[in-house]
Amino acid sequence: MRPRPRKIVVLNPKGGSGKTTIATNLASYFAQIGGQPALLDYDPQGSSMHWLSNRGSALPAVHGISAFEKRMDVTRSFQLRVPESCNWVIVDSPAGYDAAQFRELTRDADKVLMPVLPSKFDIHAASRCIAELLLVAKLSRSHAQLGIIANRTRRNNRMFSTLIKFLESLGIPVVAVLRDSQNYVRAAEQGMGLCDLRPYQVKKDQSEWDRLIAFVSADQPRDIDAVRIAEGATSPTLSAGG
């Protein structure tokens, strides 16, 4: 029997945190390495599906599902089914959700990634969402199911230090610190991820995406500890592009 695909949920109740950017870049990466990913778009704005519509046929395929649509002609489970060939399911969650949708989003999640921006409002929203994930969704700290992404950062910004101190105080791994870069905009316009761009274009982003990919790919807590302290990881994350 074929094992079920690994499910990665990108979640934050606050809009504008970069969920679609993270989700589409993960989908691009797993497509590049032959993981045949499915990308589920729960956001009513349909940003991930718009990204996918711009993806050229010459690029490795990503299977898209418009999960935000409420179809009446089929059951919900049938609508959300993924091809048996898929090894990864990437969920791009909406900015707001009710209790029922929260359970649907996080059910059977192997990893939940929360991108957080360096601002007081974003830190406050993140703290409430983290509490829901630990108490309601029953995510395990010990099995490193939840990882925080410090997103659109500028290291010389005062709020960046505040954000990092807050995240470290929670005892939840900061699995990547992604810089504020136009590379994401350029890639998105073409239905690409950073891994589809030329390696020299994304050299500055390589190490943090190595850490992020290592986190979502790891099975054991000790693997996560190694990711957090490793320097100079050699994942093929961004160098997959030609």
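Scroll up to find the structure.
Counting of residues starts from 1 at the beginning of each chain's written sequence and follows it residue by residue. Selection of residues for local features in this predicted model requires a pLDDT of at least 70, selection of side-chain atom pairs for listing and counting requires 80 or more, and totals for whole chains, interfaces and linings are taken over all residues. Side-chain numbers come from the whole structure's heavy atoms, not from hydrogens or water.

A. Layout of the packing of aromatic side chains. Each pair of aromatic rings taken from Phe, Tyr and Trp, with Trp reduced to its six-membered ring, is defined by centres within 6.5 Å and is described as stacked if the planes are under 30 degrees apart, edge-to-face if over 60, and tilted in the remaining cases. Enumeration according to the criterion identifies 3 aromatic pairs in this entry. With centroids separated by 5.1 Å and ring planes inclined at 70 degrees, the aromatic side chains of Tyr 29 and Phe 30 adopt a geometry described as edge-to-face. Think of it in three bands: with a 1.4 Å probe and only protein chains considered, a residue is buried below 20% of the maximum accessible area for its type, exposed above 50%, and partly exposed in between. A relative accessible area of 6% means that Tyr 29 is categorised as buried. Judged by centre distance (5.5 Å) and plane angle (25 degrees), the ring pair of Tyr 97 and Phe 102 falls under stacked. Relative accessible area serves as the criterion here: at 18%, Tyr 97 is assigned to the buried category. By the ring-pair criterion, three or more aromatic residues cluster together here, those being Tyr 29, Phe 30 and Trp 88.

B. Highlighting the packing of helix α5 (residues 120-135) against helix α6 (residues 158-169). Here an angle of 0 to 180 degrees is reported between the N-to-C directions of two axes, which are lines fitted to C-alpha atoms, with helices fitted over the stretch in contact. Each helix corresponds to a stretch of at least 4 residues labelled H or I by DSSP, and each strand to a stretch of at least 2 residues labelled E; elements are numbered beginning at the N terminus. Following both chains from N to C, one finds α5 and α6 inclined at 10 degrees, their axes separated by 10 Å at the closest point. Relative to α6, the element α5 is oriented roughly parallel. α5 and α6 meet at a crossing whose hand is right-handed. Contact residues: Lys 120, Ile 123 and Ser 127 in α5; Met 159, Thr 162, Leu 163 and Phe 166 in α6. Here the nonpolar group is Ala, Val, Leu, Ile, Met, Phe, Trp, Tyr, Cys and Pro; Asp, Glu, Lys and Arg are the charged ones; every other residue, Gly included, is treated as polar. Residue composition of the contact of α5 with α6, by class: 4 nonpolar, 2 polar and 1 charged. If an angle is under 35 degrees, it is roughly parallel; if it is over 145, roughly antiparallel; if it lies from 65 to 115, roughly perpendicular; otherwise it is oblique. The handedness criterion is simple: a crossing whose near helix is rotated anticlockwise from the far helix by less than a right angle is left-handed, and one whose near helix is rotated clockwise is right-handed. Any two residues whose heavy atoms approach within 4.5 Å at even a single point are treated as in contact.

C. Fine view of the nonpolar core. What is meant by a nonpolar core is a set of buried Ala, Val, Leu, Ile, Met, Phe, Trp, Tyr and Cys residues, joined one to another through side-chain atoms within 4.5 Å. With 37 residues, the main nonpolar core has Leu 11, Leu 40, Val 112, Met 114 and Leu 133 as its most contacted residues. Among the elements of the structure, β2 (38-41), β4 (88-92), α4 (99-106), β5 (111-116), α5, β6 (146-153), α6 and β7 (174-179) are those that each provide at least two residues to this core. If we ignore the near neighbours within four places in the chain, the residues touching Leu 11 are Lys 19, Ser 93, Tyr 97, Phe 102, Leu 105, Thr 106, Val 112, Leu 113, Met 114, Pro 115, Cys 129 and Leu 133. Residues Ile 8, Tyr 29, Leu 59 and Val 202 belong to the second largest nonpolar core, which totals 35 residues.

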